[in-house]
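Working through the structure, step by step
Chain by chain, the residues:
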Amino acid sequence: VPSLKPSQGPSNVPSLKPSRGLSDNFCPASTTTARDLVVPSLTSGTTIGGPAVPGGFRCGPNIVPNGSVQWYRVVGTGNTLTASTCNDGNGATGSADYENKISVFCDCADLQLPCVGGVGSVSGCSDKSSSFSWPSTLGQEYLVMIHGFGGATGAFDLAILDDGVQATVDADQCLGDHFRRSSKKYLKKSGAAGTDEGL
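Residue indices begin from 1 for each chain and proceed along its sequence in written order. Only residues with pLDDT of at least 70 are given local features in this predicted model, and only at 80 or more are side-chain atom pairs given and counted; all residues enter the totals for whole chains, interfaces and linings. Side-chain numbers come from the whole structure's heavy atoms, not from hydrogens or water.

Moving on: the overall build of the chain. Within the chain one finds 1 helix and 12 strands. A simple rule labels every residue: compare its accessible area, found with a 1.4 Å probe on the protein chains alone, to the largest value its type can have, and call it buried under 20%, exposed over 50%, or partly exposed in between. Out of the 199 residues in the chain, the part that is buried amounts to 52%. Per-residue and other accessible areas were derived by the Shrake-Rupley procedure at a 1.4 Å probe size, with only the shown protein chains allowed to occlude residues. Element-wise, carbon and sulfur atoms account for 53% of the exposed surface of the chain, whose accessible area totals about 8,600 Å². Going along the chain from the N terminus, every DSSP run of H or I of four or more residues is numbered as a helix, and every run of E of two or more is numbered as a strand.

Have a look at this one:
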C-alpha cells in the first residue's frame with residue numbers, strides 16, 4: 001500500500017446486513033454535500049458540525065436519527081474497494097479519534113439510495129474504528145457515509161483503497177433489493193467477521 005498524505009477537507013471484512021426502511025426509497029438532502037475522492041486517497045475530515053441525516057434505518061450498522069455525518073463519493077474501478085478509518089498502526093489505512101461507523105450506498109438516482117453494506121467496528125481496528133470492503137462496478141458511483149456510534153462525532157482520516165483484483169459484483173447490487181436478502185451466504189463465503197452494532 002503506498003504511503004499517502006491526508007488532503008485537507010471537511011476491512012477489512014464487510015459486515016453485510018439487509019437494508020431496511022428509508023435507505024431503499026429516500027435520498028437524504030445531505031448527500032449533496034458529498035466530496036469527490038480519487039482512488040486511492042487519504043482524506044482528513046470530521047463529523048463535528050457535519051450535515052444531519054434523518055436516520056431511523058440501517059445500512060450495515062444502524063444510522064442514528066439526526067446524527068452528524070460526512071458524505072464522500074467514489075467511482076468504482078471494477079476491483080474491490082475499501083473505505084477505512086482503521087486504527088491499526090498503519091497511517092495509510094486511515095484513523096479516527098472516536099467510535100465511528102462506515103456505510104456505503106450506490107449513488108442517489110430517482111430518490112433511491114440502495115445500501116451496499118457497512119460496518120460498525122472491525123477486529124484489528126482499535127478504539128472501535130472501522131474498515132469496510134465491497135466489490136465495485138467500473139464507473140458506478142458510490143456514496144460513503146462516515147457516522148458515529150450513538151451519535152458520536154469526531155475527526156478521522158478516511159482511506160480509499162483498491163486491491164487491484166477484478167471483483168465479481170452481483171447484477172442487482174444497486175437495485176435496492178440485494179441486501180434485503182439474507183447475507184449469510186455471503187458472510188460464509190467471505191469469512192466476514194465485522195460487527196453489527198445498535199445505535
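Read on, since the account is not over.
Per residue, pLDDT measures the predictor's confidence, with a range of 0 to 100. For the chain, mean pLDDT is 80; residues scoring 70 or higher make up 74% of the total. Whether two residues touch is decided by their heavy atoms; if any such pair falls within 4.5 Å, the residues are in contact. Confidence over residues 177-199 falls short of pLDDT 50; this stretch has 58 contacts with residues more than four positions distant or in other chains.

Moving on: the packing of aromatic side chains. For this analysis, a ring pair means two rings from Phe, Tyr or Trp (six-membered ring only for Trp) whose centres lie within 6.5 Å, classed as stacked if their planes differ by under 30 degrees, edge-to-face if by over 60, and tilted for the remaining angles. Summed over the entire model, instances satisfying the criterion amount to 4 aromatic pairs. Their ring planes at 85° and their centres at 6.2 Å tell us that tyrosine 72 and phenylalanine 156 sit as a pair that is edge-to-face. With tyrosine 72 in strand β5 (residues 70-75) and phenylalanine 156 in strand β12 (residues 155-166), this residue pair connects regions lying 84 residues apart in the sequence. In this structure tyrosine 72 comes out as buried when scored by relative accessible area, which is 1%. Both rings, one in phenylalanine 132 and one in tryptophan 134, keep their centres 6.0 Å apart while their planes meet at 10°; by these two values the pair is stacked. Assessed through its relative accessible area of 0%, phenylalanine 132 is described here as buried. What makes tryptophan 134 buried here is its relative accessible area of 1%.

With 5 of its 6 residues buried, strand β6 (residues 79-84) lies for the most part within the structure. Here, strands pair whenever DSSP counts at least two bridges between them. Across 5 bridges, the pairing between β6 and β12 is antiparallel. Following the sheet pairing, asparagine 79 is matched in β12 by glutamine 166. One ladder, built from 5 bridges, connects β6 with strand β10 (residues 131-135); its direction is antiparallel. Looking across to β10, one finds that serine 84 is bridged to serine 131.

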